Amino acid sequence: MVAAYDDRDGVIWMDGVFVPWRDAKVHVLTHALHYASSVFEGERAYGGVIFKSREHTERLLKSCDYIDIPHPFSVEEIEAAKTAALRESGLSDAYVRPVVWRGSGPDMGVASARNPVHMAIAVWEWGAYYGDAKLKGAKLDISRWKRPSPETIPCFAKAAGLYMICTMSKHVAEAKGCSDAIMMDYRGYVAEATGANVFFVKDGKVHTPKPDCFLNGITRQTVLQMLTERGVEVIERHIEPGEMEGFEQCWLTGTAAEVTPVGSIGEFSFEVGALTRSIAGDYEKLVRGQLAAA
């Protein structure tokens, strides 16, 4: 049986010091637990090197700005802390999770300006996010929940509160035997999966939703650059749900998902084609330093 995440050996970096894994705790009246005043990053290390580490750290601090959380540490301090956390973990290939949150303090209502800000970095082993989907293609549901308008929430932050509907969507998908769910945006256009961006292929061209109300993933940007360097035409645009019927291939991108082929989305089916396999293979080489950086 796999150990629960709060019952493991090792250490977690918290506010500048390493604490035993099982002692990395917060108070029940932590503001983030009640009001989602928290941002985080998901990163992967390959061969002892965190892929695009600084870009992730810079995005973490931008997320803090989006939801009005003061920066607890500088980019350089966070970079050093992540390196140390990875070293202390003893892992070479690993998942790295920095998280920043408002803790418990004199404020216990919606406002929390007087509460201290904390940061932690945990490192653990995490294999393929979608199991064997890289071979046969992931099966995706279509969520009833939509990505919100930029006028309702800071949708470009990697903030905890934005993931509530993702969790709900994924639970429904898994109950149907699917790996994940595709979400539409508030206008009804195809947006993204619960934790990954989506790409489609038709007639040799790649189509991907315009990230104007959801996270423009670092892996997404990496794959866009890879496609451009290959001379593949990429069209970023609003995609109607019915258009999925005409697409030939599909894949997801994300730090956890990496590049994962998609076999179906609801009633729509896709082949795990040559371009999908090639991009997935080249991404694997890139993150392991076997291909020139994109």
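A few points about the packing of helix H6 (residues 218–230) against helix H7 (residues 274–287)
- Contact pair H6 / H7: the axes reach a minimum separation of 11 Å and the direction vectors enclose 115 degrees. Classified by the interaxial angle, the pair formed by H6 and H7 is roughly perpendicular. Viewed along their axes, H6 and H7 form a crossing whose handedness is right-handed. On the side of H6, the interface is formed by Thr-219, Thr-222, Val-223, Met-226, Leu-227 and Arg-230, while H7 contributes Leu-275, Ser-278, Ile-279, Asp-282, Tyr-283 and Leu-286.

Let's talk about the environment of Pro-116
- Locating Pro-116 in the fold gives a position in the loop between strand S6 (94–102) and strand S7 (117–124).
- Considered as a pair, Pro-116 and His-31 are 85 residues apart in the sequence and their alpha carbons are 9.6 Å apart.

Digging into the packing of aromatic side chains
- Under the counting rule described, the total for this entry stands at 12 aromatic pairs.
- Between Tyr-95 and Trp-124, the ring centres sit 5.1 Å apart and the planes meet at 45 degrees, which makes this aromatic pair tilted. Of this pair, Tyr-95 sits in strand S6 while Trp-124 sits in strand S7, placing them 29 residues apart in sequence. As far as the burial class goes, Tyr-95 and Trp-124 line up, both buried.
- Here Phe-200 and Phe-247 contribute two aromatic rings whose centre-to-centre distance is 4.6 Å and whose plane-to-plane angle is 15 degrees, an arrangement assigned as stacked. Placement of Phe-200 in strand S11 (residues 197–202) and of Phe-247 in the loop between strand S13 (234–237) and strand S14 (249–254) is noted, with a sequence separation of 47 residues between them.
- Accessibility expressed as a relative area gives 0% for Phe-200, which makes it buried.
- Judged by its relative accessible area of 5%, Phe-247 falls in the buried class.

Overview of the pattern of salt bridges
- Applying the stated rule across the entire model yields 19 salt bridges.
- The salt bridge involving Arg-147 is made with Glu-192; its shortest N-O contact spans 3.2 Å. Taken together, the residues span a long stretch of sequence, with Arg-147 in strand S8 (residues 138–147) and Glu-192 in strand S10 (residues 190–193) at a distance of 45 residues.
- Its relative accessible area of 5% is what places Arg-147 among the buried residues.
- Ionic pairing is found between Glu-236 and Arg-220, a salt bridge with its closest N-O pair at 2.7 Å. With Glu-236 in strand S13 and Arg-220 in helix H6, the pair connects residues that are 16 residues apart, well separated along the chain.
- For Glu-236, a relative accessible area of 42% translates into the label partly exposed.
- Among the ionic contacts, a cluster of salt bridges with common partners joins Asp-7, Asp-9 and Arg-22.

Regarding the pairing of strand S12 (residues 205–209)
- Buried residues dominate S12, accounting for 4 of its 5 residues.
- If you look at the hairpin formed by S11 and S12, you'll find 2 residues sitting between the two strands, and Asp-203 has a positive phi there, around 55 degrees.
- In this structure, S12 lies alongside S13, joined through 4 bridges in parallel fashion. For His-207, the partnering residue across the bridge sits in S13 and is Ile-235.
- Where the polypeptide runs from S12 across H6 and back to S13, its parallel neighbour, the crossover connection is right-handed.

Details of the pairing of strand S9 (residues 180–185)
- When you tally the buried positions in S9, you get 6 out of 6 residues, the bulk of the element.
- Strand direction decides the pairing type here: S8 and S9, joined by 5 bridges, are parallel. From the neighbouring strand, Asp-141 faces S9, where its bridge partner is Ala-181.
- Crossover handedness for the path S8 to helix H5 (residues 164–175) to S9: right-handed.
- Pairing analysis gives 3 bridges linking S9 to S10, with the strands arranged antiparallel. The partner of Ile-182 across the bridge, within S10, is Ala-193.
- Between the antiparallel neighbours S9 and S10 lie 4 residues, among them Gly-188 with a positive phi of about 100 degrees.

Each value, and the rule that gives it
Within each chain, residues carry numbers counting from 1 in the order of the written sequence. Under the rules for a predicted model, residues below a pLDDT of 70 receive no local features and side-chain atom pairs below 80 are neither given nor counted, while totals for whole chains, interfaces and linings still include all residues. Side-chain descriptors were evaluated using all non-hydrogen atoms of the structure, hydrogens and water having been removed beforehand. Note on geometry: axes are lines fitted to C-alpha atoms, helical ones only across the stretch in contact, with angles between N-to-C directions running from 0 to 180 degrees. Counting from the N terminus, the helices are the DSSP runs of H or I reaching at least four residues and the strands are the DSSP runs of E reaching at least two. An angle counts as roughly parallel when it lies under 35 degrees, as roughly antiparallel when it exceeds 145, as roughly perpendicular when it falls between 65 and 115, and as oblique in every other case. Crossings are sorted by hand: turned counterclockwise from the far helix by less than a right angle, the near helix makes the crossing left-handed, and turned clockwise it makes it right-handed. Contacts are assigned to residue pairs that have any heavy atoms within 4.5 Å of one another. Aromatic rings from Phe, Tyr and Trp, with only the six-membered ring used for Trp, were paired whenever their centres fell within 6.5 Å, and each pair was classed as stacked if the ring planes differed by under 30 degrees, edge-to-face if by over 60, and tilted otherwise. Each residue is placed in one exposure class: buried if its accessible area under a 1.4 Å probe, protein chains only, is under 20% of its type's maximum, exposed if it is over 50%, and partly exposed if it falls in between. Here a salt bridge means any side-chain nitrogen of Lys or Arg lying within 4 Å of a carboxyl oxygen belonging to Asp or Glu. DSSP calls a pair of strands paired once it identifies at least 2 bridges connecting them. The crossover handedness rule: strands pointing away from the viewer, path from first strand over the helix to second strand clockwise, crossover right-handed.

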